[in-house]
Amino acid sequence: MHEFSNAAPGAATEGGPLVVLVEDERSIAEPFLAALRRSGFRAELAPTGRDALALIRRSHPDVVLLDLGLPDMDGRDVCRQIRSESDVAIIMVTASGTVTDRVVGLELGADDYVVKPFATHEVIARIRAVLRRGRRDETGQREPLAVQDLRIDAGSRRVWRADAELDLTRKEFDLLLRLARDAGRVVTREELMSDVWDTNWFGSTKTLDVHIGWLRRKLGDDPDAPTYIRTVRGVGFELVVGDER
Ligand code: CA
């Protein structure tokens, strides 16, 4: 396992986080590399599975965007091989109509997946989301998640707003952590009920709204004009990312 840099995700370090794009189709790769660079990332291309493994060993990227349809190797084997050597975030790219779902992706060790044809801005949002989920420091511990002025440490289950520690109940913490892991994206009510309350919820989800209300109060969020937790009526909630570029 290689060590990750200690730079905060998206921080203005030398050129930003490094993305390795594994893609054999130039018509997809070239505009996407350009879009990544415009968005503040460093980006390198590997057109084959073998190139990808060599490049990842050499350059220790922050994120690998891995097309599964490669000319020389099965992309799933490439994914397994990367994961056996590194904790780097992996986003799998699958062609529409192929049988690769989230479960298969997770079994292979991927962090997320997107389906072609994809919208560039959507993939870049996914890359930012996996970077925010936190990386490991030298001792293998996950570093705290940082969203706006919040720091959320999943390991010790502690949360700070600016420098003040917040006193959250177990469910409030679980809810905030779940939203933070997908910060900048709407997490549906169903996902929250299933992930935080561990239940397939077919009845009332009023308990969710009650906990969101308590969490907002502790965050100092005004429910009528929230700056942390945005309500998407009838869909779910989003932990808002402050300074998205
Ligand atoms: Ca391909």
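Preceding this section is the structure that the text describes.
Right, let's walk through the structure included here.

Definitions and limits used
Residue positions within a chain follow its written sequence, with the count starting from 1. For a predicted model such as this one, the threshold for reporting local features is a pLDDT of at least 70, and the threshold for listing and counting side-chain atom pairs is 80 or more; totals across whole chains, interfaces and linings nevertheless cover every residue. With hydrogens and water set aside, each side-chain value is computed from the structure's full complement of heavy atoms. One requirement defines pairing of two strands: DSSP has to find at least two bridges between them. Note on conventions: DSSP H or I runs of at least 4 residues are helices, E runs of at least 2 residues are strands, and numbering of each starts at the N terminus. All axes are obtained by fitting lines to C-alpha atoms, using only the stretch in contact for helices, and the reported angles, taken between N-to-C directions, cover 0 to 180 degrees. Contact definition: two residues touch when any of their heavy atoms are within 4.5 Å. Note on angle classes: values under 35 degrees are labelled roughly parallel, values over 145 roughly antiparallel, values of 65 to 115 roughly perpendicular, and the remainder oblique. Each crossing is labelled by how the near helix is turned from the far one, with a counterclockwise turn of less than a right angle marking it left-handed and a clockwise turn marking it right-handed. Classification convention: Asp, Glu, Lys, Arg as charged; Ala, Val, Leu, Ile, Met, Phe, Trp, Tyr, Cys, Pro as nonpolar; all other residues, Gly among them, as polar. Here a pair means two rings of Phe, Tyr or Trp (six-membered ring of Trp) with centres within 6.5 Å. Their orientation is stacked below 30 degrees between planes, edge-to-face above 60, and tilted elsewhere. Burial classes follow relative accessibility: with a 1.4 Å probe on protein chains only, a residue under 20% of its type's maximum area counts as buried, one over 50% as exposed, and anything between as partly exposed. We define the nonpolar core as a collection of buried residues of types Ala, Val, Leu, Ile, Met, Phe, Trp, Tyr and Cys that are connected through side-chain atoms lying within 4.5 Å of one another. Just to be clear on terms, a salt bridge is a Lys or Arg side-chain nitrogen sitting within 4 Å of an Asp or Glu carboxyl oxygen.

## Looking at the sheet that holds strand 1 (residues 18-22)
Logical step 1: Here we have five strands laid out as an open sheet, ordered 2-1-3-4-5, and parallel in their pairing. Bordering the open sheet on either side are strand 2 (42-46) and strand 5 (112-116), each of which pairs with just one other strand. The sheet shows a mean angle of 20 degrees between the axes of neighbouring strands, direction not considered.
Logical step 2: Its contacts with the sheet put helix 5 (residues 120-132) on strand 1, strand 3 (63-67), strand 4 (89-95) and strand 5, and the angle it makes with strand 5 is roughly 175 degrees.

## A closer look at the packing of helix 1 (residues 26-38) against helix 5
Logical step 1: Running from N to C, helix 1 and helix 5 point in directions that differ by 55 degrees, and their axes come no closer than 11 Å. Of the possible angle classes, the one that applies to helix 1 and helix 5 is oblique. The way helix 1 lies across helix 5 gives a crossing that is right-handed. Along the contact surface, helix 1 presents F32, A35 and L36, while helix 5 presents T120, V123, I124 and I127.
Logical step 2: Considering only residue class, the contact of helix 1 with helix 5 consists of six nonpolar, one polar and no charged.

## Some remarks on the sheet that holds strand 12 (residues 236-239)
Logical step 1: One open sheet holds the three strands; their spatial order is 10-12-11, and the pairing between them is antiparallel. What marks the edges here is a single partner per strand, and that holds for strand 10 (186-188) and strand 11 (229-232). Along the sheet, successive strands turn relative to each other by an average axial angle of 30 degrees, direction set aside.
Logical step 2: Where strand 11 lies against strand 12, four bridges are found, and the strand directions are antiparallel.

## Considerations on the packing of aromatic side chains
Logical step 1: Within the structure shown, the criterion is met by one aromatic pair.
Logical step 2: Geometrically, the ring pair formed by F32 and F118 is edge-to-face, given 5.4 Å between the ring centres and 70 degrees between the ring planes. With F32 in helix 1 and F118 in the loop between strand 5 and helix 5, this residue pair connects regions lying 86 residues apart in the sequence. Residue F32 shares its accessibility class with F118, and that shared class is buried.

## Points about the nonpolar core
Logical step 1: Residues L176, I229 and L239 are the most contacted members of the largest nonpolar core, which totals 28 residues.
Logical step 2: Broken down by secondary-structure element, the contributors of at least two residues to this core are strand 6 (145-147), strand 7 (150-153), helix 6 (170-181), helix 7 (189-196), helix 8 (206-219) and strand 12.
Logical step 3: Aside from chain neighbours lying at most four places away, what touches L176 is L150, I152, V159, L168, L215, L219 and L239.
Logical step 4: One finds L21, F41, A43 and L131 within the second-largest nonpolar core, a separate group that totals 21 residues.

## Section: the pairing of strand 5
Logical step 1: Judged by which residues are buried, strand 5 turns out to be one-sided: D112, V114 and K116 face inward and are buried, whereas Y113 and V115, on the alternate face, are not.
Logical step 2: Summarising the sheet, strand 4 and strand 5 pair through five bridges and their orientation is parallel. Across the sheet, the residue bridging to V93 is V114, located in strand 5.

## Section: the pattern of salt bridges
Logical step 1: Inspection of every chain in the model, using the stated rule, returns 21 salt bridges.
Logical step 2: The partner of D182 in a salt bridge is R185, with the nearest N and O atoms 3.5 Å apart.
Logical step 3: Among the residues examined, D182 registers a relative accessible area of 12% and is labelled buried.

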